[in-house]
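# Descriptive structure summary
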Amino acid sequence: MTEKRIRIMVAKPGLDGHDRGARILARAFRDAGYEVIYTGVHQTPEQIAAAAIQEDVDLVGLSCLSGAHGYLFPRVVELLREKGAEDITVIGGGIIPDQDFQKLYDAGIKAIFTPGASLESILEWVGANVKPRD
Amino acid sequence: MEESEQLKKIKAGDVRTASRLIRNLEDEIPEAKNALKRIFLHTGKAHVVGITGSPGAGKSTLVDALITSYRKKGDTVGVLAVDPTSPFTGGAILGDRIRMQKHAEDSGVFVRSLATRGALGGLSKAVGDAVHVLDVMGKNLILIETVGAGQQEVDIINHSHTVIVVLVPGMGDDIQAIKAGMMEIADIFVINKADRDGANKLYNELVAMLNMAHEFPGGWRPPIIKIGNCFDAVSFAQSVDKLAATVADHYRCLEETGLLGDRMKRKAMVELGESLRDAILSPILKEMTQSGEMDLFVEKLLKKEADPYTIAEEAARRYLK
C-alpha cells in the first residue's frame, strides 16, 4: 500500500572514530520505525552529501566528537544546497560548546543535541519536524 | 509531458531524479508506476549480477571490491543493497553502504540501500523496479546484494543474469552442500575468507557436489573462486579481478548458448506475475480490509465457524467475474 516512509541517514564526518552514540541513535531510529542508513566513520562532507542524495533521505544526522563541527556540519548543508537538495533536513550532535550553537543554526543546522540529550527528546524533535515529502 | 522530462533526466544520469523515483516506487506511489511504464521500454541493456550468502559472509566488502575492479575498466556500476526490515517496528538499519562509501563521490557509481519491507525471498519488492531505473541511468553493471541469506532466499535468480553465492569456511558439514535451495542457484561460487581454516574442505565439498550434477545448462560448470583476507590488499584485489572476469565469462556463455533469453524470459514472467497479482489481488484485499470483511472472516476462522479455503473460493467468485 502507498505509504511515504521516512528515511534517515546517520553519518560521522571527520576523523574521530567514536561512533557508539551514532550507533545507538541509529538503533533508536530503527526501533521508532524509520529506515536508517548508517555511513560508518571517517566520512568527508562530500561523501555524506552524495550518499544522502543517492539514498534520498529526509534527514541527515551528523555526529562529531572531534571539535571540527564548525567546518564539517555547515559544509554538508552547503553541499546539499549546491546539489539542489536543500529540502533534506540536517541536524547535528556530539561534543559541541554552547557558544557554537548559533553559528551552526545560522549555517542551516536545524537542531543540535549534546551529551545528556535523551533519545526521547531526539525522537520527539524528529517526529515533530521531519514530515513525509510532498 | 513531465514524465518524459523525468525520463530524460534519468537517462542523463541525474541522481536526484533517479533516487526519488526509486523511493516513490518503494512507497508504491501510483505516479511512479506510471513513470515506470515509460521507462520499461528503454531497459534491458545492463548485466545484472546477484550476490547472495549468509550474514557476515563478506558480500558488501566483495561488492565494494567489484566496484573498484569494474571502474578500473571504465564500466559504470549501480548497486542495490538490501537489508532486513524489523517485523515489529517496520524500521531498518541499512548498513551495507558502510563498506562502499569510498565510491560515494564517483559519478560512475550509484549505490542505493533498500529495506525488505516484509518481502521474504531475500530481496525487497522494489528491487525489480529499481533495476530498471539504474538500467535506464546507463549503468553497465548492476550489482544486487541480497539480505544475509540462508538456504531458501532464492528470489535473486529471478532478477539477475549471473548469481554469485558467497560462502565462508566453517558453516556446517558436507550435508549442507547437497541441500536444495541456495546451493543450486549459483553460477559462480566464492569461498570468501579463504585464508581461514576449512577453506580446502569447503572447496572439496563443492567440487564433490558439482561432480554429482547430471548436466550443466549451456555447459557452464559453476567455477569456485577462493578469495582471501581483504586486508591482504594486493592478492585480494587480484582475486576480485578474477571474479569480475569470471562474471563476464558467464555473461558471454549465456549469450553464446542462448541461455540469456531463458533468463530474460524467467525475469519477464516473474515481473508479469507480480504485476498481475498487484493489479488483481491488491484492490480486492484493500476493499475487503476497508469494508471490515477481513476482520469478520478472521473472527469466523478463530471460532471455527468457517475455513479459509471456502472463504477464498467464495471471494474469488464474488470479485472475479
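Look above for the structure.
Here we come to the overall build of chain B. The helix and strand inventory of chain B stands at 10 helices and 8 strands. The C-alpha radius of gyration computed for chain B amounts to 22 Å, which stays within 12% of the reference 20 Å derived for 321 residues, consistent with globular compactness. Along the first, second and third principal axes, the C-alpha atoms of chain B reach 65 × 50 × 40 Å. The buried share of chain B, taken over its 321 residues, is 48%. Long-range pairs, those at least 24 residues apart, make up 75% of the contacts in chain B between residues at least 6 apart in sequence. Accessible surface for chain B amounts to roughly 16000 Å². Of this, 56% is attributable to carbon and sulfur atoms. Seen as two clouds, the 41 positive and the 44 negative side-chain charges of chain B have centres 3 Å apart.

Listed as interface residues are 33 residues of chain B and, on the opposing side, 36 residues of chain A. In total, chain B and chain A occlude about 3000 Å² of area from one another, counting both sides; carbon and sulfur atoms represent 46% of this. A per-residue breakdown of the area chain B buries against chain A is headed by Arg16, Arg23 and Gln101 of chain B, which together make up 23% of the total. Across the contact surface, chain B and chain A share 10 salt bridges. A salt bridge links arginine 20 of chain B to aspartate 56 of chain A; the shortest N-O distance between them is 2.6 Å. Applying the counting rule to chain B against chain A returns 26 residue pairs in polar contact (both at pLDDT 80 or more). Of all the elements in the fold, those that place two or more residues in the side of chain B that touches chain A are α2 (15-26), β3 (92-94), β4 (109-115) and α8 (259-290) of chain B. The element best represented in the side of chain B that touches chain A is α2 of chain B, accounting for 7 residues. In this structure, strand β2 (residues 35-38) of chain A lies alongside β3 of chain B, joined through 3 bridges in parallel fashion. Bridging from a neighbouring strand, glutamate 35 of chain A pairs with alanine 92 of chain B of β3 of chain B.

So, how was this worked out
Residues numbered from 1 in each chain as written. Chains lettered and ligands numbered in written order. Predicted model: local features only at pLDDT ≥ 70, side-chain atom pairs only at ≥ 80, totals over all residues. Heavy atoms only, no water. Helix = DSSP H or I, 4+ residues; strand = E, 2+ residues; numbered from the N terminus. Rg over C-alpha atoms; globule rule 2.2 N^0.38 Å. Buried < 20%, exposed > 50% of the residue type's maximum accessible area, 1.4 Å probe, protein only. Contact = heavy atoms within 4.5 Å. Areas by Shrake-Rupley, 256 points an atom, 1.4 Å probe, with all protein chains shown as cover. Lys, Arg positive; Asp, Glu negative; His and termini not counted. Charge placed at Lys NZ, Arg CZ, Asp CG, Glu CD. Buried area = accessible area lost by both parts, 1.4 Å probe. Salt bridge = Lys/Arg side-chain N within 4 Å of Asp/Glu carboxyl O. Polar contact = N/O pair within 3.5 Å; in protein donor to acceptor, adjacent residues only side chain to side chain. Pairing = 2+ DSSP bridges.

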